[in-house]
Amino acid sequence: MNVHKNKIKKNILKEFQSLQKKALNEAILSSIGDGLVVVDKEGRITYVNQAFEKMVGWKSEEVLGRRVVEVVPRESEKGEVVLFNERILTKVLSGEVVIADLTNPFYYIRKDKTRFPASSIVNPILLGGEIIGVVETFRDITKEKEIDKAKTEFVSLASHQLRTPLSTISWYTEMLLAGDAGKLNSEQAKYLDEVYKGNQRMISLVNALLSVSRMDLGTFVLEPEPTDVVSLVKSVVIEQKPQIDRKKIKFSFEFEKNIPLIQVDPKLLSMVVQNLLSNSVKYTVDKGKIKISLILDNKKKTLLFKISDNGYGIPKNQQDKIFTKLFRADNVRGKDTEGTGLGLYIVKAIIDSSGGKVYFESKEDEGTTFYVTLPCNSLIKK
Amino acid sequence: MILKTKISTILIVEDEVSLRNALRDKFIRKGFKILLAKDGEAGLIIAVQEQPDLILLDIIMPKMNGMIMLKKLRQGNKWSKNVPVVLLSNLGADDEKMMKEISEDKLAFYLVKSDWSLDGLVIKIREKISLI
């Protein structure tokens, strides 16, 4: 008898423990501020937490057993629905390794068809090495997006405001230097020239900041037109000839004949070439070498712009950061104080939005080569 | 001595006094006749009365901004429809609507103030006047 009693006691204790565990799990899941959804290997919902219910407007009992991609559609910034096969959740279920793409914001659609920007983390549930489901947590990032936009708009506004006093300084120093208000002695002219140059640097910094904020706000307008890239490169080179000559750099430009006109925004492409060339000039020692080539790849239907120098190079451990906003490599910070850390960020943003690619090879103290490929599908004969 | 057959007159419409005076001083030294206005409203009245050869026009100004002044000017007589206007502002190319309006007006040109030296401006403006 005692044995029987003991068994009952044990069972009650077990049940109590399991209930306790369940209550604990329940408390943990509902205290999570992020939306949480668990699906089985068919993508059907087996659990949602309270934050999920609140954020998307569906009650747990309305969605259990339904496929999550149908209950909560995901769409892009422009309102294009992300297809079933493209959903990260589907990819994780099929065992694909997915790297979260945080630069590409998406939206979840609520029960009432309104939407909110979200960021999510998707993890597979593994049992004996097999995927039996997926847990997704997601967050409403409306506030973050608003703050980011406000920040960018502030930078844009501040930069515009800065341009007026910068114009004043620029114009009055120019008149003094021109002798409009009387002849300057050589020392006065020298000092004033420093004021003028410092001001010019501030103007280009403000221009770079404005370009960046325009990119971040998405107000950068591409205006592609049939462009002669050879003469575009030539005119950028002429602009920077004084700097190239001052450092006695051996410069060469090679290009294939028969390069067709290419459909690209000429102002933006000029900005790309200007940035890459001025970087090469800045970060190459006196009497160094810089070479630009334009190569047509008929097979891949691309035009390759290549610029090599035998300059300072980019340290290996910082090569993954060079396209990041405001980043400057350690080895050049000491040598040149003029860089803004915005040039390559701008280059990458322009090339990405033009459907091209930009990449590089570099070795410290040996030199750097940057490659820019531009699609020329819509070739136009000269 | 450079011999000129005719002295060109430029109307400068700019609310910022330091910039207005800098432009005035430079253009007078370079042999132009200068008219000044500190907002679009005054600019429009002077323009119609004096019929300058070219108008140098700021965009953001009190009372009447440069874009409205340009629009009103173009609604006027034969002279005001054809006078070249150089819009000189520190606005960027962000405002698509504004840039479109300027590019549709064949006799209006847009320059970013802080990107131009005074000497560069003088050359540009001589070029625009000689085209008439």
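Now for a description of the structure that goes with this document. Chains are numbered independently. Their residues run from 1 in the order of the written sequence. The order in which chains are written sets their letters, starting at A; the order in which ligands are written sets their numbers, starting at 1. Whole-chain, interface and lining totals are the exception, using all residues; otherwise, since this is a predicted model, local features are given only for residues with pLDDT of at least 70 and side-chain atom pairs are given and counted only at 80 or more.

1. Looking at the environment of Leu177 of chain A
All names here are of chain A.
Phase 1: Tracing the backbone shows Leu177 in helix α6 (residues 142-177).
Phase 2: In this scheme the burial state of a residue depends on its C-beta neighbours within 10 Å: 20 or more other such atoms mean buried, 12 or fewer mean exposed, and anything in between means partly exposed; the C-beta positions come from the backbone. What makes Leu177 partly exposed here is the crowd of 16 C-beta atoms within 10 Å.
Phase 3: Separated by 13 residues in sequence, Leu177 and Lys190 have C-alpha atoms that sit 9.2 Å apart.
Phase 4: By definition, residue pairs are in contact when their C-beta atoms, positioned from the backbone, come within 7 Å. If we ignore the near neighbours within four places in the chain, the residues touching Leu177 are Ala189, Leu192, Asp193 and Tyr196. Here a strand is any run of E in DSSP of at least two residues, a helix any run of H or I of at least four, and the numbering for each starts at the N terminus.

2. Here we look at the sheet that holds strand β3 (residues 74-76) of chain A
Residue and element names in this part refer to chain A.
Phase 1: In this analysis, strands are considered paired if DSSP registers two or more bridges between them. Here we have 6 strands laid out as an open sheet, ordered β2-β1-β6-β5-β4-β3, and antiparallel in their pairing. Looking along the sheet, the strands with just one partner apiece sit at the ends: β2 (45-48) and β3. Along the sheet, successive strands turn relative to each other by an average axial angle of 40 degrees, direction set aside.
Phase 2: Across 4 bridges, the pairing between strand β4 (residues 106-109) and strand β5 (residues 115-127) is antiparallel. Considered in β5, the bridge of Tyr108 is made with Phe116. Here an angle of 0 to 180 degrees is reported between the N-to-C directions of two axes, which are lines fitted to C-alpha atoms, with helices fitted over the stretch in contact.

3. Some words on helix α1 (residues 17-29) of chain B
Phase 1: For a helix, the expected span equals 1.5 Å multiplied by the residue count minus one. For α1 of chain B, with 13 residues, the first-to-last C-alpha span of 18 Å sits near the 18 Å given by 1.5 Å per residue.
Phase 2: Looking only at α1 of chain B, the buried set comprises Leu19, Ala22, Leu23, Lys26 and Phe27 of chain B. Viewed along the axis of α1 of chain B, the buried residues span an arc of 115 degrees, placing them on a single side of the element. Those residues of α1 of chain B that are exposed and angled more than 90 degrees off the buried face are Val17 and Ile28 of chain B.
Phase 3: Buried-residue contacts for α1 of chain B involve α6 of chain A together with β1 (9-13), β2 (33-37), β3 (54-57) and α6 (118-130) of chain B. Our arc is simply the arc of the directions from the helix axis toward the C-beta atoms.

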